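Summary of structural features
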Amino acid sequence: MSATTVPGAPLAAYAAHDERSRGRRYPEPPPEYRSEFQRDRDRIIHSNAFRRLAYKTQVFVNHEGDLYRTRVTHSIEVAQIARSIARALALNETLVEAISLAHDLGHTPFGHAGQDALNECMREYGGFEHNLQSLRVVDELEERYADFPGLNLTFECREGILKHCALPKARELGDVGRRFVDRTRSGLEAQLANLADEIAYNNHDVDDGLRAGLMTLDELCEVRLVRRHFDAVQAAYPQLAARRAIHEIIRRMINEVVVNVIRTSGDLLRAAAPADIDAVRAHKSALIAMSEEVAAQHLELKQFLRERVYRHHRVLRMTSKAKRVLESLFSAFMGEVRLMPEEYWQAATRAEAAAGPSGRARIVADYIAGMTDRYAILEHRRLFDPAERT
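Now for a description of the structure that goes with this document. (Residues numbered from 1 in each chain as written. Predicted model: local features only at pLDDT ≥ 70, side-chain atom pairs only at ≥ 80, totals over all residues. Heavy atoms only, no water.)

Observations regarding the pattern of salt bridges
- Enumeration according to the criterion identifies 35 salt bridges in this entry.
- Two residues, R123 and E120, come together in a salt bridge whose shortest N-O distance is 2.7 Å.
- Owing to a relative accessible area of 54%, R123 belongs among the exposed residues under this scheme.
- Residue classification places E120 among the partly exposed residues on the basis of a relative accessible area of 44%.
- Here R360 ties to E352 by a salt bridge, and the two come within 3.7 Å at their closest N and O atoms.
- For E352, a relative accessible area of 31% corresponds to the partly exposed category.
- Here the residues in one salt-bridge network are R34, R41, D42, R83, R87, E93 and E97, joined through shared partners. (Salt bridge = Lys/Arg side-chain N within 4 Å of Asp/Glu carboxyl O. Buried < 20%, exposed > 50% of the residue type's maximum accessible area, 1.4 Å probe, protein only.)

Examining the packing of aromatic side chains
- Scanning all chains against the criterion turns up six aromatic pairs.
- With centroids separated by 4.7 Å and ring planes inclined at 40 degrees, the aromatic side chains of Y344 and Y367 adopt a geometry described as tilted. Highlighted residues: Y344 in helix α17 (residues 342-355) and Y367 in helix α18 (residues 357-369), separated in sequence by 23 residues.
- On the accessibility criterion, Y344 (23% relative accessible area) is partly exposed.
- Looking at Y367, the relative accessible area reads 6%, which means it is buried.
- Chaining the aromatic ring pairs together yields one cluster made of F333, Y344, Y367 and Y375.
- One residue, R43, lies across the ring of Y145, its end atom 4.8 Å from the ring centre. (Phe/Tyr/Trp six-rings, centres within 6.5 Å; stacked < 30°, edge-to-face > 60°. Helix = DSSP H or I, 4+ residues; strand = E, 2+ residues; numbered from the N terminus. Lys NZ or Arg CZ within 6 Å of the ring centre and 35° of its normal.)

Quick look at helix α15 (residues 292-310)
- For α15, which comprises 19 residues, the first-to-last C-alpha distance of 25 Å matches the rise-based estimate of 27 Å (1.5 Å per residue) to within 8%.
- Residues of α15 that are buried include every one of V294, Q297, H298, L301, F304, L305 and V309, and no others. (Expected span 1.5 Å × (residues − 1).)

A word on the side chain of H17
- On the secondary structure map, H17 appears in the segment before α1 (36-45).
- Those residues in contact with H17 that sit more than four places away from it in its chain are L11, A12 and F37. (Contact = heavy atoms within 4.5 Å.)

Here we look at the packing of α1 against helix α4 (residues 93-102)
- Axis separation between α1 and α4 bottoms out at 8 Å; the angle between their running directions is 25 degrees. Considering their axes alone, α1 and α4 lie roughly parallel with respect to each other. Where α1 crosses over α4, the two elements pack in a sense that is left-handed. Counting all contacts with α1, which are made through F37, Q38, D40, R41, I44 and I45, the residues of α4 involved are T94, L95, E97, A98, L101 and A102.
- Across the contact of α1 with α4, the residue classes tally to seven nonpolar, two polar and three charged. (Axes fitted to C-alpha atoms, helices over the stretch in contact; angles between N-to-C directions. Parallel < 35°, antiparallel > 145°, perpendicular 65-115°, else oblique. Left-handed = near helix turned anticlockwise from the far one by under 90°. Nonpolar A, V, L, I, M, F, W, Y, C, P; charged D, E, K, R; others polar.)

Remarks on the environment of L225
- Mapped onto the elements, L225 comes out in helix α12 (residues 224-236).
- Taking C-alpha positions, L225 is 9.3 Å from E256, a pair spaced 31 residues apart along the chain.
- The residues contacting L225, other than those within four sequence positions of it, are M253, E256, V257, Q297, H298 and L301.

Some details on the nonpolar core
- Formed by 84 residues in total, the largest nonpolar core has its most connected members in I44, L91, L105, L220 and L301.
- With eleven residues, helix α13 (residues 242-272) is the largest single contributor of residues to this core.
- By size, the runner-up hydrophobic cluster in this structure holds 29 residues, among which are L118, L329, F333 and M340. (Core = buried A, V, L, I, M, F, W, Y, C linked by side-chain atoms within 4.5 Å.)

Notes on unusual backbone geometry
- Even without being glycine, A90 reaches a positive phi, approximately 60 degrees.
- Taking the relative accessible area as the measure of exposure, A90 reaches 14% and is therefore buried.
- Phi at A273 takes a positive value of approximately 45 degrees, unusual for a residue other than glycine.
- Note on placement: A273 falls in the loop between α13 and α14 (277-282).

Section: α13
- When the terminal C-alpha atoms of α13 are compared, their 45 Å separation across 31 residues agrees well with the 45 Å that a helix rising 1.5 Å per residue should span.
- A positive phi of about 45 degrees marks A273, the residue just after α13.

Quick word on the side chain of R43
- Within the secondary structure layout, R43 lies in helix α1.
- By relative accessible area, which is 9% here, R43 ends up buried.
- A polar atom in the side chain of R43 sits 2.9 Å from the backbone oxygen of L151.
- Filtering out sequence-adjacent residues up to four positions away, R43 remains in contact with R24, E28, Y145, F148, L151, N152 and L153. (Polar contact = N/O pair within 3.5 Å; in protein donor to acceptor, adjacent residues only side chain to side chain.)

A short note on the environment of C121
- Mapped onto the elements of the fold, C121 is located in helix α5 (residues 111-121).
- A C-alpha to C-alpha distance of 24 Å links C121 and I161, two positions 40 residues apart in sequence.
- Look past the residues within four positions of C121 in its chain and what remains in contact with it is E327 and F330.

Structure, rendered in structure tokens:
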């Protein structure tokens, strides 16, 4: 296995192969001129949920600035990192791209603050988790095809979207939840998309945090991974402007971690020598990983960002407002489902008849989770500001 696998090179035996896919929930004729995983990717890109990610928060709320990451730019960055690693390891680039683009489809408005608020609202009704919601989006909520609900993605793509799942829920999900019951693993492409997500948000939240003035570069240099590249950039380009220096540092940080993942994972795969994707799933541990040293440094960066960015008083003020917005919306819609658009209140009425208050709550959660930041703010004004037109 080479870290310089050329484009078009054959897939490794343990990669996900289209012709060996476990298939779709609803059988379809094979696509013409595309692979099965290309079809998955294309369906994701054309979905309503994917377009909404352009106006959903990563860390900073959509209206706070034009250059901050949104869920859609984050998803594209995850896909770029994952594809680079997949190509080097002879994995299925198209599948890993599809998983990366779909992994945040179920995210609420206002980032993790929104998810925490909606989960609290749903506590009596089964809770809310964005990975499960992403799967619900692609399995049920998208309405684009005459023959089936959702996007009818392959098992391998759905497997990658569902990164983690509590055991009781896993039992309800059938095939895609089975690995959590059996304590087996996902395929390599799913493992890779998960790790690429961590690499992307850690490094790009550095960029956004610095841009927002929530921390300084000197403070950031407390982190070993940053300090090493800061010193190298300063030595090579002592006159470089601060903004360009930041981009150069982040570029080098990402490259170091990506190269480390390729080399570490290559070593793990050579040692394990799995015969196919099922052998990967049965293996005792993940086969896509960073080295212990780089993982420790990456964790150090994550902990720094948690304290200096995610818990900064400016971010906490916005997340506090976001939680109040979502809690108010949930309470209002649960109290009177007809405050929602007709398709939702009718769905809530049917769901309540079938499953009681939990059914109604799940449709309310679907409606709120699908909102963009600005739509949630507008809905809140329409419901609670008498001066706002409804």
